[in-house]
Amino acid sequence: TVVDVFKQAFSEQPRQGNDLLTVLKQTIHLSNRSIFDSANELIDLRGMATTVALVAALNDNRAIIGHVGDSRVYRFDGRALICETEDHSEVNDALRAGTLSAAQAAHHPRRNVINRAIGAEADVEADFKIVPLNERTSFLVCSDGITRHIHDTELAELMRTLQHPQKICTQLKELCFERGAEDNLTAIIVDFGERSYTD
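Residues numbered from 1 in each chain as written. Predicted model: local features only at pLDDT ≥ 70, side-chain atom pairs only at ≥ 80, totals over all residues. Heavy atoms only, no water.

**Q** Explain the sheet that holds strand 1 (residues 52-57) residue by residue, including any values.
**A** In spatial order, the strands read 1-2-5; together these 3 strands make up an open sheet with antiparallel pairing. Of all the strands in the sheet, the pair left with one neighbour each is strand 1 and strand 5 (127-132). Here the strands of the sheet are splayed against their neighbours by 20° on average, with no regard to which way each runs. (Pairing = 2+ DSSP bridges. Helix = DSSP H or I, 4+ residues; strand = E, 2+ residues; numbered from the N terminus. Axes fitted to C-alpha atoms, helices over the stretch in contact; angles between N-to-C directions.)

Written as structure tokens, this is what we have:
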């Protein structure tokens, strides 16, 4: 549903700047309303909801990052991997409040319980930020099915190999399957600028 709503919103002319941010906010609102209404109208869809994570490139060496839930957007500059999103989850809230340590959060039984999702409530607030882009910038957009099994340090090591995005995504999938793959897996890597990939 979210993909369909976004396709419709961006099937017209390209948008930039404040107009792009406005359209992203409106499209998330429309996606939320569509899922919420469907879940209330059809008993088989009761409780249906989803996460969203997105990157929208502007034409001035910047990009808009948006998300709802615990799917993440990481920015890689060729050296460091920076998580640009904050999980909308009970455990992450406790971590930020200082009532849980990072070690406790990593193994908490409710670590994947989210408190914000597309379609869960009549309205939803997405978080947005604008980050710089250059010819070395890459983004990793992934679901918690990836980050549940692969630590940020491992993600950074894989990104530093400078392999083709498809090869890295395949390795992410294989690592998750080796470690139990308790959830669905989604990973997308987007590279900006010309690249020479290693074999």
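**Q** For the nonpolar core, give the residues involved together with the corresponding values.
**A** Leu-81, Leu-140, Ile-146, Ile-150, Leu-155 and Leu-172 are the most contacted members of the largest nonpolar core, which has 17 residues in total. Of all elements in the fold, only strand 3 (72-76), strand 6 (138-142), helix 6 (152-160) and helix 7 (165-178) reach the threshold of two or more residues within this core. The element contributing the most residues to this core is helix 7, with 5 residues. For Ile-146, the contacting residues outside a window of four places in its chain are Leu-155, Leu-172, Cys-176, Leu-185, Thr-186 and Ala-187. Core analysis: the second largest hydrophobic core is formed by 15 residues, Leu-20, Ile-64, Ile-118 and Ala-126 among them. (Core = buried A, V, L, I, M, F, W, Y, C linked by side-chain atoms within 4.5 Å. Buried < 20%, exposed > 50% of the residue type's maximum accessible area, 1.4 Å probe, protein only. Contact = heavy atoms within 4.5 Å.)

**Q** Now, about the side chain of Asp-77: what can you tell me, with residues and values included?
**A** If you trace the backbone, Asp-77 turns up in the loop between strand 3 and strand 4 (81-83). Given the relative accessible area of 18%, Asp-77 is considered buried. A polar side-chain atom of Asp-77 sits 2.9 Å from the main-chain amide nitrogen of Arg-79. Here Ala-80 takes part through its backbone nitrogen, which lies 2.8 Å from a polar atom of the side chain of Asp-77. (Polar contact = N/O pair within 3.5 Å; in protein donor to acceptor, adjacent residues only side chain to side chain.)

**Q** Please give an account of the layout of surface pockets that cites residues and values.
**A** Approximately 500 Å³ is the volume found for the second largest pocket. For the second largest pocket, the lining is made up of 22 residues, of which Val-52, Ala-53, Ser-71, Val-141 and Thr-186 are closest to its centre. Counting only elements with at least two residues in the lining of the second largest pocket, the list comes to strand 1, strand 6 and strand 7 (187-191). The element best represented in the lining of the second largest pocket is strand 1, accounting for 5 residues. The residue inventory of the lining of the second largest pocket, partitioned by class, reads 11 nonpolar, 7 polar and 4 charged. (1 Å grid on protein atoms, 1.4 Å probe; cavity = no way out; pocket = protein on both sides within 12 Å on 5 of 7 lines; lining within 4 Å. Points joined across faces, edges and corners; volume = space filled by probe spheres on them. Nonpolar A, V, L, I, M, F, W, Y, C, P; charged D, E, K, R; others polar.)

**Q** Run through the sheet that holds strand 7, naming residues and quoting values.
**A** Taken in spatial order, the 4 strands make up an open sheet running 4-3-6-7, and their pairing is antiparallel. Two strands bound the open sheet, and with one partner strand each, they are strand 4 and strand 7. Mean inter-strand twist for the sheet, computed between neighbouring axes without regard to direction, equals 20°. Of the strand pairs in this sheet, strand 3 and strand 6 are connected by 5 bridges, and their pairing is antiparallel. Looking across to strand 6, one finds that Val-73 is bridged to Val-141. The strands touched by helix 7 are strand 6 and strand 7; relative to strand 7, the strand with the most contacts, the crossing angle is about 155°.

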